[in-house]
Amino acid sequence: MQETRNTYNLVNIIATMSISALIYLGNFVSPVISLISAEYPEVSLTTIKLLTTIPSLMMVIMALVSGGLTSRYTIKKIVVFACCFSLVGSLLPVFFDGIAVLLISRVIFGVGHGLIFPMASAIINQLFTGKQRDRLMGIRAGVGALIGACFSSIGGAVGLIDWRYSFACSVVVIPIALLIAWKCPENELSKRSAKDGSAIKEPKMTSLTYLMFVGLFLFNMLMVTFMTNLSLVLSADGIGTVAQAGVVSSVFTVAAFVAGVVFATVKGKLKRYTSPLAFGLVGIGFAILFFAQSIFMFYVGAVFYGLGFGFYNPQLTMAVAQTATKPVYAPIVIAGYTSCVGIGQFVASFVLPWVARV
């Protein structure tokens, strides 16, 4: 018998939330890109950068595919299936050498990453309701920021021994996948849509959905500038070192974690004003960073930006999901939103340098 929305115990919730940890597997590898470049000096920097951009491109494609899969398979089955791609894609460079192997491995990894990314939010949106959903969405965003920072630190530390060990760290997929397969609840709503066949004929998104897609695409182009340009700006302007850039990133992470933890409480009090608060904090953070002339002001800007991100992430995910024509189509809408995030991040790498030159 299927569990109802009110019978999930702590282990069920932990298994559901553990899907979010899988989103940050790529953080194991990010710190060692320069080491990989040093090992393959004959390979152009443009090709090396593909190791980080390929998963983002695959996320765009597979996020759209995952939306269609939810009408046939439960989110739990999709995630466990995707874990196989993430694991294989991560372990290939451990056992085989060559830049071609690395590129192929990132494509395989990207398939899994793209399937998992939208499902982490979609399953919480479908299995839980009310304040519990708000609380878990906030915790997912906050804890996710900490997990991402931890994975980056671990990947960088073991990468100093051998960059291949950073890829090997992704074996954490195995226990997480087993926990999900064992204790993560199935989402009933998707199963019903597969049985009645109505998912194929009726519209799944509203005009508001598409309008939000455009806005979120543009907004994420701006959001990605913080992490990608932080160390470059600090070094170029003589404001701080790479180590201090790491501290600024840590300040952002802590602020995002705090915002995620208190998100449900803040949303309960502010309700529809939560989104303006999130955007306002991000705007203040960007303004401070734009005019910052000292490392201290970068710390202050990171606090505002982190708080804004911690509120923005769960709030906008739920807001987008609620624009679906029916709750059953929320995973499809979230998948579309995820694609907009990926496209925005990818396009930003080309557009923003051009804007900076202008």
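Look above for the structure.
In short, a report on the structure. (Residues numbered from 1 in each chain as written. Predicted model: local features only at pLDDT ≥ 70, side-chain atom pairs only at ≥ 80, totals over all residues. Heavy atoms only, no water.)

## Some points on the overall build of the chain
For clarity, the cut-off: Under the DSSP-based scheme used, a helix requires at least four consecutive residues in state H or I and a strand at least two consecutive residues in state E, with every element numbered from the N terminus. Whether a residue is buried, partly exposed or exposed follows from its accessible area with a 1.4 Å probe, protein chains only, as a fraction of its type maximum: under 20%, in between, or over 50%, in that order. Two residues qualify as a contact provided that any one of their heavy atoms is within 4.5 Å of a heavy atom in the partner residue. The protein chains shown are the only cover counted for residues, whose accessible areas, like all others here, come from Shrake-Rupley with a 1.4 Å probe.
A tally of helices and strands in the chain yields 15 helices and zero strands. Burial status across the chain gives 48% buried among its 358 residues. Across the chain, contacts joining residues at least 24 apart in sequence account for 83% of those joining residues at least 6 apart. Accessible surface, the chain as shown: approximately 16,500 Å² in total, 71% of it carbon and sulfur.

## Observations concerning the environment of I116
The topology assignment puts I116 in helix α5 (residues 99-127). Overall, I116 belongs to the buried group, its relative accessible area being 1%. In the structure, I116 is positioned 54 residues away from M62 in sequence and 8.9 Å away in space, judged by C-alpha atoms. Residue contacts for I116: discarding those within four places in its chain leaves I19, L22, I23, V79, A82, C83 and S86.

## Observations concerning the nonpolar core
Going by this rule: For the purposes of this section, nonpolar cores are sets of buried Ala, Val, Leu, Ile, Met, Phe, Trp, Tyr and Cys residues that join through side-chain atoms within 4.5 Å.
Ranked by size, the top nonpolar core spans 87 residues in total, and within it I19, L22, I36, V79 and Y312 carry the most contacts. The dominant element in this core, judged by the number of residues it contributes, is α5, at 11 residues. Ignoring sequence-local partners within four residues, the contact set of I19 consists of V79, I116, A120, I123, I180 and C184.

## Looking at the packing of helix α4 (residues 75-95) against helix α8 (residues 173-183)
Under the convention used in this document: Axis definition: a line fit to C-alpha positions, over the contact stretch in the case of helices; interaxial angles, taken between N-to-C directions, run 0 to 180 degrees. An angle below 35 degrees is read as roughly parallel, one above 145 as roughly antiparallel, one from 65 to 115 as roughly perpendicular, and any other as oblique. Here is the rule for handedness: rotate from the far helix to the near one, and if that takes an anticlockwise turn smaller than a right angle the crossing is left-handed, while a clockwise turn gives right-handed.
Interhelical geometry of α4 versus α8 gives an angle of 165° and a closest axis separation of 10 Å. When the interaxial angle is binned, α4 and α8 end up roughly antiparallel. Crossing hand, α4 versus α8: left-handed. For the pair α4 and α8, the contacting residues are K76, V79, V80, C83 and L87 in the first and V173, I174, A177, I180 and A181 in the second.

## Some thoughts on the environment of G260
With respect to the helices and strands, the residue G260 is situated in helix α12 (residues 242-270). Looking at G260, the relative accessible area reads 0%, which means it is buried. The spacing of G260 and F311 is 51 residues in sequence and 6.3 Å in space, taken between C-alpha atoms. Excluding residues within four positions of it along the chain, G260 makes contact with G138, I139, G142 and G310.

## Re helix α13 (residues 274-291)
Test applied: To estimate the expected span of a helix, subtract one from its residue number and multiply by 1.5 Å. The arc in question is formed by the directions pointing from the helix axis toward the C-beta atoms.
Compared with an ideal rise of 1.5 Å per residue, which puts 18 residues at 26 Å, α13 spans 26 Å between its outermost C-alpha atoms and is within 8% of the ideal. Within the span of α13, buried status applies to T274, S275, A278, L281, V282, G285, I288 and L289. Seen along its axis, α13 keeps its buried residues to an arc of 165°; they face one direction. Within α13, the exposed residues directed more than 90 degrees away from the buried face are F290 and F291.

## Some words on the pattern of salt bridges
Rule in force here: Salt bridges are defined as contacts in which a side-chain nitrogen from Lys or Arg sits within 4 Å of a carboxyl oxygen from Asp or Glu.
Tallying each qualifying case throughout the model produces five salt bridges. When the shortest N-O distance is used, the salt bridge between D134 and K267 registers 3.7 Å. Here D134 is found in helix α6 (residues 130-159), whereas its partner K267 is found in helix α12, with 133 residues between them in sequence. Each member of the salt-bridge network shares a partner with another, and the members are E39, D97, D162 and R164.

## Re unusual backbone geometry
The backbone phi angle of K271 is positive, close to 55°, even though this residue is not glycine. Within the fold, K271 resides in the loop between α12 and α13.

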